[in-house]
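Listed here are the chains, written in short residue letters.
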Amino acid sequence: MNILDEISQFLQQGRAKNVKELVQKAIEEGMDAKTILEEGLLAGMSIIGEKFKNNEVYVPDVLIAARAMNSGSELLKPLLISSGVTAKGKVVLGTVKGDLHDIGKNLVRMMMEGKGLEVIDLGIDVSADKFINTAIETKADIVACSALLTTTMGEMKNVVEAAKKAGIRENITIMVGGAPVSENFCKDIEADIYTQDAASAADEAVKVCINK
Amino acid sequence: MIIIGEKLNSTLKSVRPAMENYDAAFVQELAKKQYEAGANYIDLNAGMFYKDEPERLEWLVKTVQEAVDIPLSIDSPSPKALEKALRANTNSKPIINSITDEKERYNPILPLVTEFKTGVIALCMDDEGMPETVEDRFKIGARLIEKLTKAGVQPEDIYIDPMVRPIGTGSHYGIVAIETIRKVKTEYPEVHIACGLSNISFGIPVRKLMNQTFLVSAMTAGMDGAILDPLDKKLMSFLYATEALLGYDDFCMNYMTKFREGSLEV
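By convention here, each chain's residues receive numbers from 1 onward along its written sequence. Each chain gets a letter, beginning with A, and each ligand a number, beginning with 1, in the order they are written. Confidence filtering applies because this is a predicted model: local features only for residues at pLDDT of at least 70, side-chain atom pairs given and counted only at 80 or more, and all residues used for totals across whole chains, interfaces and linings. The basis for every side-chain value is the complete set of non-hydrogen atoms in the structure, without hydrogens or water.

### Some thoughts on the pairing of strand β9 (residues 225-228) of chain B
Residues and elements named next belong to chain B. Because side chains alternate across β9, one face comprises the buried residues Gly225 and Ile227, and the other comprises Ala226 and Leu228, equally buried. Of the pairings in the sheet, the one linking strand β1 (residues 2-5) to β9 comprises four bridges and is parallel in character. Pairing of Ile2 across the sheet is with Gly225, part of β9. As paired elements, strand β8 (residues 195-196) and β9 share two bridges and run parallel to each other. Counted as the bridge partner of Gly196 is Ile227 from β9. Here is how to tell: hold the view so the strands point away, follow the path from the first strand over the helix to the second, and if it runs clockwise the crossover is right-handed. Secondary structure is summarised from DSSP: a helix means a run of H or I of at least four residues, a strand means a run of E of at least two, and numbering begins at the N terminus for each. Chirality of the crossover, the property in question, places the unit of β8, helix α8 (residues 207-220) and β9 among those that are right-handed. Burial classification: accessible surface area is computed with a 1.4 Å probe over protein chains only, and a residue below 20% of its type maximum counts as buried, one above 50% as exposed, and the rest as partly exposed. The pairing criterion is simple: DSSP has to find at least two bridges between the two strands.

### Here's the deal with the domain arrangement of chain B
Residues and elements named next belong to chain B. By domain assignment, chain B separates into domain 1 (1-92) and domain 2 (106-231). Note that the domain bounds reflect an automated or database-derived domain assignment. If you average the C-alpha positions of domain 1 and of domain 2, the two centres end up 21 Å apart. We call two residues in contact whenever any of their non-hydrogen atoms come within 4.5 Å of each other. Contact with domain 1, which involves 19 residues of that partner, is made by 22 residues of domain 2. Throughout, the accessible surface (probe 1.4 Å) given up by two parts as they are put together, summed over both, is called the buried area. Contact with domain 2 buries surface across domain 1, with Met1, Ile2 and Ile4 losing the most and accounting together for 34% of the total. For salt bridges, the criterion is a side-chain nitrogen of Lys or Arg within 4 Å of an Asp or Glu carboxyl oxygen. At the boundary of domain 1 and domain 2, one finds two salt bridges. In terms of residue count, helix α4 (residues 79-88) provides more of the side of domain 1 that touches domain 2 than any other element does, five residues in total.

### Digging into the pattern of salt bridges
Residues and elements named next belong to chain A. All told, the structure shown has 28 salt bridges over all chains when counted by the stated rule. Its salt-bridge partner being Glu161, residue Lys164 comes within 3.6 Å of it at the nearest N-O pair. Of the two residues, Lys164 and Glu161 both sit in helix α7 (residues 155-165), three residues apart, roughly one turn of that helix. Between Glu190 and Lys164 there is a salt bridge whose closest N-O contact spans 2.8 Å. Placement of Glu190 in the loop between α8 (183-188) and β5 (193-194) and of Lys164 in helix α7 is noted, with a sequence separation of 26 residues between them. Given a relative accessible area of 45%, Glu190 falls into the partly exposed group. Given a relative accessible area of 38%, Lys164 falls into the partly exposed group. Here the salt bridges do not stand alone but share partners, grouping Lys157, Glu161, Lys164 and Glu190 into one network.

### A word on helix α2 (residues 16-28) of chain A
All names here are of chain A. Between the first and last C-alpha of α2 there are 18 Å, a value that for 13 residues agrees with the 18 Å anticipated at 1.5 Å per step. Buried within α2 we find Ala16, Val19, Leu22, Val23 and Ala26. Down the axis of α2, the buried set is contained in an arc of 135°. They therefore lie on one face. Along α2, exposed side chains directed more than 90 degrees from the buried face belong to Lys17 and Glu28. Buried residues along α2 sit against α1 (3-12), α3 (33-53) and α4 (59-82). Just past α2, the residue Gly30 takes up positive phi, approximately 95°. By this rule, a helix spans an expected 1.5 Å times one less than how many residues it contains. Summarising the geometry, the arc corresponds to the directions from the helix axis toward the C-beta atoms.

### A word on the confidence of the model for chain A
Scored by pLDDT, chain A comes out at a mean of 94, with 100% of its residues at no less than 70. The score called pLDDT rates the predictor's confidence residue by residue, from a low of 0 to a high of 100. Element-level mean pLDDT values for chain A span from 93 in helix α5 (residues 103-114) of chain A up to 98 in strand β3 (residues 142-146) of chain A.

### Brief notes about the layout of surface pockets
All names here are of chain A. A cavity here means a set of points on a 1 Å grid, drawn over the protein atoms and nothing else, where a 1.4 Å probe fits but cannot get out; a pocket is an open set with protein on both sides within 12 Å along at least five of seven lines, and a residue lines either one if it has an atom within 4 Å of a point. Grid points are joined across faces, edges and corners, and a volume is the space filled by probe spheres set on the points. What the second largest pocket holds in volume is close to 570 Å³. Among the elements of the structure, α3, α4 and β2 (118-121) are those that each provide at least two residues to the lining of the second largest pocket. Among the elements that take part in the lining of the second largest pocket, α4 stands out by supplying seven residues, more than any other. Three classes are used: nonpolar for Ala, Val, Leu, Ile, Met, Phe, Trp, Tyr, Cys and Pro, charged for Asp, Glu, Lys and Arg, and polar for all others, with Gly counted as polar. A per-class count over the lining of the second largest pocket returns nine nonpolar, four polar and seven charged.

### Section: the packing of α8(B) against helix α9 (residues 233-245) of chain B
Residues and elements named next belong to chain B. Between α8 and α9, whose axes approach to 10 Å, the crossing angle comes to 20°. Looking at the two axes, α8 sits roughly parallel to α9. Every pair of crossing elements has a handedness; the one defined by α8 and α9 is right-handed. Note on element contacts: α9 touches α8 through Lys234, Leu235, Phe238, Leu239, Thr242 and Glu243, opposite Asn211, Gln212, Leu215, Val216 and Met219. In terms of residue class, the contact of α8 with α9 is built from six nonpolar, three polar and two charged. Under this scheme, a helix contributes an axis fitted over its contacting stretch, all axes are lines through C-alpha atoms, and angles between N-to-C directions fall in the 0 to 180 degree range. Roughly parallel covers angles under 35 degrees, roughly antiparallel covers those over 145, roughly perpendicular covers 65 to 115, and oblique covers all other angles. Crossing handedness is defined as follows: a turn of the near helix away from the far one that is anticlockwise and smaller than a right angle gives a left-handed crossing, while the clockwise case is right-handed.

### With respect to the environment of Leu93(A)
All names here are of chain A. Residue placement: Leu93 occurs in strand β1 (residues 90-95). When the C-alpha atoms of Leu93 and Ala201 are compared, they prove to be 11 Å apart, with 108 residues separating the residues in sequence. Setting aside residues no more than four positions away along its own chain, Leu93 makes contact with Lys105, Val108, Arg109, Val119, Ile120, Asp121, Leu122, Gly123, Phe131 and Ala144.

### What about the nonpolar core?
Across soluble globular proteins, nonpolar side chains have a tendency to be buried as a group. Residue and element names in this part refer to chain B. Within this scheme, the nonpolar core is defined by two criteria: the residues are buried Ala, Val, Leu, Ile, Met, Phe, Trp, Tyr or Cys, and they are joined through side-chain atoms within 4.5 Å. The biggest cluster of nonpolar side chains holds 81 residues, and the ones touching the most others in it are Leu8, Leu44, Leu148, Ile160, Phe214, Met223 and Leu228. Looking at this core, you find at least three residues from each of domain 1 (1-92) and domain 2 (106-231). Each residue touching Leu44, except ones within four places of it in the same chain, is listed here: Leu8, Leu57, Leu60, Val61, Val64, Leu72, Ser73, Ile74 and Asp75.

### Structural notes on the side chain of Asn91(B)
Residues and elements named next belong to chain B. Tracing the sequence through the fold places Asn91 in the loop between α4 and β4 (95-101). The buried category is assigned to Asn91, whose relative accessible area is 9%. Only 3.0 Å separates the side chain of Asn91 from the backbone oxygen of Val68, close enough to count as a polar contact. When neighbours within four sequence positions are excluded, Asn91 is seen to be in contact with Gln65, Val68, Asp69 and Ile70. By the criterion applied in these results, polar contacts are pairs of N or O atoms within 3.5 Å in which, for protein atoms, one can donate a hydrogen and the other can accept it, and in which residues neighboring in sequence qualify only through two side-chain atoms.

### Description of the sheet that holds β9(B)
The strands making up a sheet associate through hydrogen bonds between their backbones, and the pairing can be parallel or antiparallel. Residues and elements named next belong to chain B. With parallel pairing, nine strands are arranged side by side in an open sheet as β7-β6-β5-β4-β3-β2-β1-β9-β8. A single partner strand is all that each edge strand has here, and the edge strands are β7 (192-193) and β8. Taken together, the five bridges between β4 and strand β5 (residues 119-126) define a ladder with parallel strand orientation. Its bridge partner lying in β5, Asp101 is registered against Asp126.

Here you go:
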């Protein structure tokens, strides 16, 4: 097995220490950072994402794989920056104002990072203005909003309105998700994309960024 | 154990269509079944209907109380929906599910608790968010108990929800919930617990196994109330066995009755 496959395997097993060691080894052997990232780390995370979507692996499997990925990507980050490799796209992510639930949102972040997207995670209880201002400052492609409460999902409409008000509605894709959110709700509030799970959210986000 | 039947919840995919179509027969049947299976309260949640939650919740109250005379647990964070549902309620003393120590939630919901003389489920969270440690959760729980009793609510009408978070997302979440229950029941023995049981198993396989095991552990720590599925025969069997083991069932008579009714399952 070559070292990239090994990295992918260990990542899928959530073995952070092994992933870190092998990424270090690959760097020392002169392999370029982009290859290690894409064919090692992201390849492994992509398999986890697919399996998660099909209920073949579960939340703890995803969390431990994501930890393993981070242990490797930390080593790669400075190299990627210095060699000018950029992410496939940029996503501003958060749980909407009034809502403190972060599990779904964190899964989305892991899946998106696992697809090679740069995710700016604003955390929980994020106001509509903060979503949009951050998107403007960072020139993001996507704003992705999560809500678990029926009482806070309405906040997503405010994000759409804030984007209109700021004059960036045409330039930004607004994604919505969370237990109470539906396709119909997405249409009602004039957001762009609804997905029902974290892995699909990452797939759709990649499509958006590629087509830009 | 105080059992709050969780089935009439609009976020459940199996129930939502019936609520959407105002299927009274379906709703009443599910209420009756939970009552017969041993529920002490029936929880009613219409939160998925974000456009007309108050009217939907009111309809649920009216529909259920036509069929069963059992107190209701009115489940909404919205004061407007709660008030409409409480005005429609004619069954005995309901519970409001729920209040927190967040200003925007506490201030408008407290008057409903006192005006309608309801029980109230109080979540251990405040404007700082969801606390991670036993100490922080207890602190919020204790603060809520002090504030509510000062406002005239009887301690036995307060149900503390220790905030169960999924064990699959943090290895400490099981023990944190269990120890919060123990501390609340030690310091405030008259106050009840109302634990959202199935949150513990979100995102992991064989959820029922985790729910059953958590039920036993939490009851051992003093949990005397939970929001659960009373139609889950195995879960209820564990509940009866645990009650007997903890000394709440003289001569195991309730356990024996359940056995003779054919409702014990392993």
